[in-house]
Amino acid sequence: MARQSDSNRAATRWTVRIIPFFIVGTFGVGTYAVVGRLLVEYLYQEERQTDLVAALLVLYFLFFLLTVSAYARTLLTTQLDPGLVPLIHDRGADEKQHRKDRAGRGRDAEANVWVPPDQNPDSPGLEAFYSKEVFVCEADGRPKWCSECRQWKPDRAHHSSELDRCVRKMDHLCPWVGGIVAETSFNFFFQFTLYTACLCFICIATAAYSLQMQNQQGRGLDGWVIVVIVLAAVFGFFTFAMTLTSARFIFTNITNIDMLRKTQVFFLAVRIPLNSPPSDKFPSIVYPLQPYQAWEAPGQGQTQPNGGAGGHGSARDQQAARRCAILRTEPRENPWDLGYWGNWKSVMGNNVVEWLLPIKHSPCCNHESMEGDYQFGPLVAELKKRYGIAEAVTDVRGEMEMHNTGISGT
Ligand SMILES: [Zn+2]
């Protein structure tokens with residue numbers, strides 16, 4: 001299988017190649033020291049502590065296997081399936097120029113050449129957004145635009161300059177696992193850091209016990225004990241901190257990227273009935289976009305008769321027409337917060353086996369729901385209430401109606 005994530009930068013490519021060998025080497029040295037020297041040669045052969053050695057060996061190899069399998073799964077996923085947003089049109093002929101431009105501009109100047117959003121009302125990929133009940137948009141109601149990929153950017157996607165592609169629910173570039181940790185690998189990454197921290201704890205406990213015994217026996221300092229304690233303390237501290245951070249991201253349904261933009265606000269395009277009367281509280285937009293004025297500013301009212309689907313749109317457009325209210329969140333509000341338990345399950349899976357073993361992708365990698373790219377939390381209902389939009393129901397004909405308010409759907 002071709003590597004999707006061939007990195008642009010030579011330095012990263014080399015880091016990615018070297019670090020796995022470094023990690024395998026460290027695991028090798030660690031296992032030799034803990035199992036070979038401390039558990040077998042010292043505690044078993046010299047001290048005859050059979051039960052303790054057996055228990056520690058079982059624990060060691062259990063967490064060793066879990067760590068290695070989670071690491072392998074994370075590594076493979078970041079290399080083969082990093083969660084890239086598919087390119088709608090091949091950058092093809094432009095690609096060579098695009099790469100040349102990037103190389104010429106260098107790393108810091110990447111943002112300088114801005115390709116504006118596609119103004120074509122039938123812009124490729126747009127329909128995938130307004131087919132959903134809710135999607136993230138700009139203040140004008142169009143989806144976010146990626147100037148580098150030259151296409152609309154799905155909810156929660158972030159452009160990785162490393163891969164030169166948009167990545168879904170990107171978290172961070174992790175040299176330890178050789179790539180971008182994102183929605184496809186975050187659960188495996190979390191398991192990897194958790195199991196490594198546990199393994200390090202077992203190593204420290206074994207070494208500390210051996211050290212204490214050797215002290216009591218008046219022996220000199222054992223070099224292997226020191227090696228184990230130093231390695232396990234460094235790796236253990238680092239992975240334990242990563243585990244805590246990752247757990248926090250999982251339980252609150254945020255990413256590192258969200259953390260960097262603490263005060264970000266989101267505009268959400270929320271589907272409302274086509275004929276909703278104009279509101280001075282929020283603007284709305286009608287899709288498919290018309291070649292002329294596509295959105296209405298607050299208070300300007302309804303400029304297009306028949307819910308904006310009129311004008312010179314085709315009959316097909318009129319049938320498919322959808323109106324979306326453009327609602328703004330407050331800073332720190334997270335539209336995808338499903339509560340601790342819902343957030344955990346959306347990343348880690350629906351049962352204990354998925355939580356513990358690096359087998360299945362996170363449920364949040366499934367984007368087939370027509371509700372939204374990612375499951376939205378109660379904030380959407382809260383926003384509707386805040387902006388005076390009644391709860392909508394979709395009737396049997398698939399048309400939206402409003403419940404018990406003056407805002408009538410028909
Ligand atoms: Zn992009």
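Reading the values: the criteria
- Residues numbered from 1 in each chain as written.
- Predicted model: local features only at pLDDT ≥ 70, side-chain atom pairs only at ≥ 80, totals over all residues.
- Heavy atoms only, no water.
- Helix = DSSP H or I, 4+ residues; strand = E, 2+ residues; numbered from the N terminus.
- Buried < 20%, exposed > 50% of the residue type's maximum accessible area, 1.4 Å probe, protein only.
- Contact = heavy atoms within 4.5 Å.
- Areas by Shrake-Rupley, 256 points an atom, 1.4 Å probe, with all protein chains shown as cover.
- Donors = N, O, S within 2.8 Å, 3.2 Å for Na, K, Ca; no water.
- Tetrahedral: all angles 85-135°; square planar, octahedral: opposite > 155°, others 65-115°.
- UniProt positions renumbered as here; feature names shortened; annotations may be inferred.
- Core = buried A, V, L, I, M, F, W, Y, C linked by side-chain atoms within 4.5 Å.
- Axes fitted to C-alpha atoms, helices over the stretch in contact; angles between N-to-C directions.
- Parallel < 35°, antiparallel > 145°, perpendicular 65-115°, else oblique.
- Nonpolar A, V, L, I, M, F, W, Y, C, P; charged D, E, K, R; others polar.

Observations regarding the overall build of the protein
Piece 1. Of regular secondary structure, the protein possesses 11 helices and 13 strands.
Piece 2. In the protein, which comprises 410 residues, the proportion classed as buried is 49%.
Piece 3. Sequence separation of 24 or more characterises 71% of the internal contacts of the protein that already satisfy a separation of 6 or more.
Piece 4. Accessible area for the protein stands at about 20,400 Å²; split by element, carbon and sulfur atoms hold 60% of it.

What to know about the coordination of the zinc ion
Tetrahedral coordination by four donors puts the ideal angle at the metal at 109.5 degrees, and octahedral coordination by six puts it at 90 or 180 degrees.
Piece 1. Within the protein, the zinc ion binds to C146 (SG), C149 (SG), H159 (ND1) and C166 (SG); these donor distances fall in the range 2.1 to 2.3 Å.
Piece 2. Around the zinc ion, the four donor atoms are arranged such that angles at the metal cover 99 to 123 degrees; this shape is classified as tetrahedral.
Piece 3. Counting the intervening residues between successive donors of the zinc ion yields the motif C-x2-C-x9-H-x6-C. Here C166 lies in strand β5 (residues 165-168) and C149 lies in the loop between β2 (144-146) and β3 (151-153), a separation of 17 residues in the sequence.
Piece 4. Judged by relative accessible area, which is 1%, C149 ranks as buried.
Piece 5. Take C166: its relative accessible area is 3%, and that puts it in the buried class.

Regarding the UniProt feature "transmembrane region" (unreviewed entry) in the protein
Piece 1. Under the present numbering, the feature "transmembrane region" (unreviewed entry) in UniProt falls on residues 18-40, 52-72, 188-211 and 223-251.
Piece 2. Measuring from the first to the last C-alpha atom of residues 188-211 gives 34 Å, for a span that is 100% helix and 0% strand.
Piece 3. Counted over residues 223-251, helix gives 100% and strand 0%. Its end C-alpha atoms are 41 Å apart.

Here we look at the side chain of T77
Piece 1. Mapping T77 onto the fold places it in helix α2 (residues 50-80).
Piece 2. When near neighbours in sequence (up to four residues on either side) are disregarded, T77 contacts P82, T184, S185, F188 and H361.

Thoughts on the nonpolar core
Piece 1. Core analysis: the biggest nonpolar cluster contains 43 residues, and Y60, V177, V228 and I250 have the highest contact counts within it.
Piece 2. Breaking this core down by element, the ones donating at least two residues are α1 (10-46), α2, α5 (186-216), α6 (223-252) and α9 (339-348).
Piece 3. A per-element tally of this core places α5 first, with 11 residues.
Piece 4. Residues V270, C364, Y374 and I389 belong to the second largest nonpolar core, which totals 18 residues.

Description of unusual backbone geometry
Piece 1. For the bond from Y287 to P288, the omega torsion is -5 degrees, close enough to zero to count as cis.
Piece 2. Tracing the backbone shows P288 in the loop between β9 (284-287) and β10 (295-296).
Piece 3. Backbone geometry places D164, a non-glycine residue, at a positive phi of 55 degrees.
Piece 4. Tracing the sequence through the fold places D164 in the loop between β4 (157-160) and β5.
Piece 5. Overall, the relative accessible area of 0% leaves D164 in the buried class.
Piece 6. In this structure, R332 is a non-glycine residue whose phi angle is positive, near 75 degrees.

Notes on the packing of α6 against α9
Piece 1. Relative to each other, α6 and α9 sit at 110 degrees, their axes nearing to 6 Å. By the angle between their directions, the pair α6 and α9 is classed as roughly perpendicular. Contacts from I250, F251 and T252 in α6 reach G339, Y340, N343, W344, V347 and M348 in α9.
Piece 2. Looking at the contact of α6 with α9 residue by residue, the classes come out as six nonpolar, three polar and no charged.

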